[in-house]
Each structure stands twice: as C-alpha cells, then as structure tokens.
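Summary of the model geometry
Listed below, chain by chain, are the residues.
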Amino acid sequence: MHTHYDTIIIGGGPAGMMAAIASGFYGRHTLLLEKNKRLGKKLAMTGGGRCNVTNNGSLETILANIPQGAKFLYSTFAQFDNQDIIAFFEDNGTALKVEDHGRVFPTTDKSQTIIAALEAKMVALGVTVRTQAEVVSTTKTDDGTFLIRTADQAFSSHKLIVTTGGKSYPSTGSTGYGYDIARHFKLKVTDLRPAESPLMTEFPHQKLQGLSLRDVGLRVGKHQIQHDLLFTHFGLSGPAALRASSFVKAGDWLDIDFLPTLTTEELAEQFEQLRDKSIKNVTKLVLQERLADYLIAAAGIDPATKVKQLPVKQLTALLTQIKAFPIQVTGTMSLAKSFVTAGGVALNELTPKTLMSKSVDKLYFAGEVLDVNAHTGGFNLTAALATGWVAGSN
Ligand SMILES: Cc1cc2nc3c(=O)[nH]c(=O)nc-3n(C[C@H](O)[C@H](O)[C@H](O)COP(=O)(O)OP(=O)(O)OC[C@H]3O[C@@H](n4cnc5c(N)ncnc54)[C@H](O)[C@@H]3O)c2cc1C
C-alpha cells in the first residue's frame, strides 16, 4: 500500500524546499523526502555559516556569475529571480541585509533563520516533510505513476522532482543519487567535476593561516580577479581562490596584489610622504599587521628601519611583495572538498520553461543536480531556489 501524493520531491536542500513550497502554494498534495535528520545541511554552511541566501545584483550580474548554464536559466529567472527570493523571505517575516559584492544574508547572521523560514512556509502550505528518509529506489509504472521507496516505506506520485544536489561535500547528504535517477530514466548526465575549489599552495600558508583579506587582486596569466581571499592551512580559499580554480592548475604561479586600488607609484609616494617613520609603522597603515610583518621579512628588511634610510632596492623589493606576491599552486581540491559540482543532468534533456524531462513525462530536476554551476556569493543558491520554484510550480 503506497501513500499517494500529487508531487514528491527528493532532497531537502534549498532547491527541494522551494520546490515543495511552490507545489504546496499551487494546492498540490506534496511530500518532501530528505535523508538527513535536518533539512538544508549544506545551505547552513554557506556564507561561512551565515547563509548567503542570494545576491542582490542585476540579472546581468547574476548571469555573469553562472559560468555554466546561464543561458538555460533565462526562462527560470523570467519566472522567479533573485528579487523574488528576497521578496519571498521578507514577505514571510525574515529580514535580510545586503553586504559587499551584493551578497544577501539574514540580519540574524544565522543560517537557521533561513531554514526555519522555509520550514515554516512548508508547514503553512500543508507540505508533508519526512526526514531520515533516504530514497533508495525510484521507478515509473506503465500507467505513469512514480514509485518511490525508502528502506522501510513506499510512496507514489503523479509528479516527481529530483533535487538531490551535486556530489561535493558528501557529508552533507549530497552524494549524487539524482544522477542515478537521471541515468535510470536514460537521461544524459555530463561529466562531474570539481568547481569552486580551494587551491593548495607550496607556500606561505603556515605563516599566514587564518588571514582573511578583502578585495585583493589575483593574477594568473591573462586572468585577473578582484575579490576576498583567505589563507588556510593548505593554501588559499575565499571567493578569489575559488573563482581562480576554474583556470588554475598544479604548477601555475599566481600573483597576489594586496592593494589593487593603488598603483606601485602611488604606493611609493605614500611611503615617501611618511619617510621619517619606521617601515613597519608605514606598512601597517596600508596592510593588516600580520601581513605587513610577513612581507617586510620576506623583502629582507629590518622593520625598525626608517623609510628614508631604506636603500631603493629594498623599498622596491617590498613594493613588489605588496603588489605582485608570487605563490605557486600545487593543486586544486578534489570534488568532495570543492564547494560546487560542475556537470550534471544535461540541460538539453529538459524543457527550460518547466524543467521537466523532454522524454519522461512529469519528471523534473532542479538545483545543483543540473549541469549548472555558479560562483559562490549567493549565485548557486539563487539558481537552486529559482529552479526549485519553477519545477514546483509548473
Ligand atoms: C562549504 C560550502 C559553502 C558554500 N557557499 C556558497 C555560497 O556562499 N553561495 C552560493 O551560492 N553557494 C554556496 N555553496 C553551494 C550551495 O550550497 C549549493 O549549490 C546548494 O546548496 C545546492 O542546493 P540543492 O538544493 O540543489 O542541493 P543540496 O543543498 O546539496 O541539497 C540536496 C539534498 O538532497 C538530499 N538527498 C540526496 N540524496 C538523497 C536521497 N537519496 N534521499 C533523500 N534525500 C537525499 C541531501 O541530503 C541534501 O540535503 C556552498 C557549498 C559549500 C559546500
């Protein structure tokens, strides 16, 4: 005996929760199945645990930050975009704020606020949510009914939405089950690859570990990025490093410009104006002290030396450390340790306007399971929430 629903959604991340909300909103008898104890485990980790729920940029900005799948998502965003996401939360009593680079967070700075808002909306719309319910089998009968099984229960539905996420950070529950569903129904799944990967570097992570910098410049060959950067115990993370991972490979050298808004000449001029002060004190004015100490030592300078006493060669060496600090990349992190999965259910298998499979009636996919990947900064979540809404509402 199966419990029957109009719509079943597999996977309780942002895409699945929003799909369930849209489905409930349109009056469908809806079931959301999530294998974890709690919903939105990966969502909770975004934005450093504060939940970077979307981005406030223009549609052009949003699309420019989705390196794969942007064109396909035009129809999605025509129905539900980042501004609809913001309105959705605010209309439901969740205050949001916009930070640097258009990143949107709850004013509480707590992911739980966002998850609770999504949960409350599902309850209000009469959605049934089952957690600790891992789907292990998904089939379709000849009469067009989907049969969904967990270890100890069976359900049936008229419509099925797959929102199982990608394959990165598998400890969050995203282990790639949705790709198996797609393959079972003979839909193409493109190659799965790591995206938004932290960079492992030779040096100097031990000394700078934990240092978090706003808006530094990062240059690799012809590529240039200006964004935040984090030194970790293995190398580099933060948006600048994650973005660079799409074109950096092991062995490449990258240059960090710690003060991209100043030219070398302007910086030299600033030092000259403070020529009676020690090099340490002057450098500390423009850089965090720990970084200043490190770069002064790397340039072989005694920090107590006054700027006016510094030989030109040494000052040039310091300015070079500040404006073009070289680091060699030894590799990028594996898929499991990357923030996002590139590749997924091939977009030409789906109708862009509805996200329904072209070959299997009433089978839908949304979120990171799709062959869509975006930069961190709220762009993946925008894609997940918006595609979730579209799949759930059609
Ligand atoms: C550390 C980290 C930081 C990030 N930061 C950002 C950021 O700042 N901005 C941004 O835009 N993106 C960020 N991302 C990416 C973003 O979190 C994901 O793109 C987004 O969560 C994808 O949403 P989703 O709903 O498609 O999938 P997921 O959030 O992965 O949810 C899928 C859900 O499906 C469930 N599931 C899987 N298989 C089954 C099954 N068989 N049965 C039942 N349930 C199942 C999983 O348990 C999981 O809860 C970050 C990712 C990580 C790992």
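To be clear, the structure that these remarks concern was listed above.
All of the points below concern the structure found in this document. These numbers come from a predicted model, not from an experiment.

1. Quick look at the layout of surface pockets
Of the voids in this model, the second largest pocket is the one considered here, and its volume is about 240 Å³. As for the second largest pocket, its lining consists of 15 residues, and the residues nearest its centre are Pro 194, Ala 195, Ser 245, Ser 246 and Asn 373. In terms of residue count, strand 10 (residues 193-195) provides more of the lining of the second largest pocket than any other element does, three residues in total. Residue composition of the lining of the second largest pocket, by class: six nonpolar, seven polar and two charged.

2. As for the site of the ligand
Around the ligand, a shell composed of 36 residues is seen, among which Ala 15, Glu 34, Ser 174, Glu 368 and Asn 380 lie nearest. Residue Glu 368 places a side-chain N or O atom 2.5 Å away from an oxygen atom belonging to the ligand. Backbone polar atom of Gly 377 to a nitrogen atom of the ligand: 3.3 Å apart, as the coordinates give it. Contact with the protein chains covers 97% of the free accessible surface of the ligand, which is 1,000 Å². If you list the elements that add at least two residues to the shell around the ligand, you get helix 1 (14-25), helix 2 (41-49) and helix 14 (379-393). Class assignment for the residues of the shell around the ligand results in 13 nonpolar, 18 polar and five charged.

3. Quick word on the pattern of salt bridges
Under the criterion given, the structure shown has 15 salt bridges. A salt bridge links Arg 50 to Glu 99; its shortest N-O distance comes to 2.9 Å. With Arg 50 in the loop between helix 2 and strand 3 (54-55) and Glu 99 in the loop between strand 4 (96-98) and strand 5 (103-106), this residue pair connects regions lying 49 residues apart in the sequence. A network of salt bridges, in which partner residues are shared, links Arg 50, Lys 97, Glu 99 and Asp 109.

Reading the values: the criteria
Residues numbered from 1 in each chain as written. Predicted model: local features only at pLDDT ≥ 70, side-chain atom pairs only at ≥ 80, totals over all residues. Heavy atoms only, no water. 1 Å grid on protein atoms, 1.4 Å probe; cavity = no way out; pocket = protein on both sides within 12 Å on 5 of 7 lines; lining within 4 Å. Points joined across faces, edges and corners; volume = space filled by probe spheres on them. Helix = DSSP H or I, 4+ residues; strand = E, 2+ residues; numbered from the N terminus. Nonpolar A, V, L, I, M, F, W, Y, C, P; charged D, E, K, R; others polar. Near = heavy atom within 4 Å. Polar contact = N/O pair within 3.5 Å; in protein donor to acceptor, adjacent residues only side chain to side chain. Areas by Shrake-Rupley, 256 points an atom, 1.4 Å probe, with all protein chains shown as cover. Salt bridge = Lys/Arg side-chain N within 4 Å of Asp/Glu carboxyl O.

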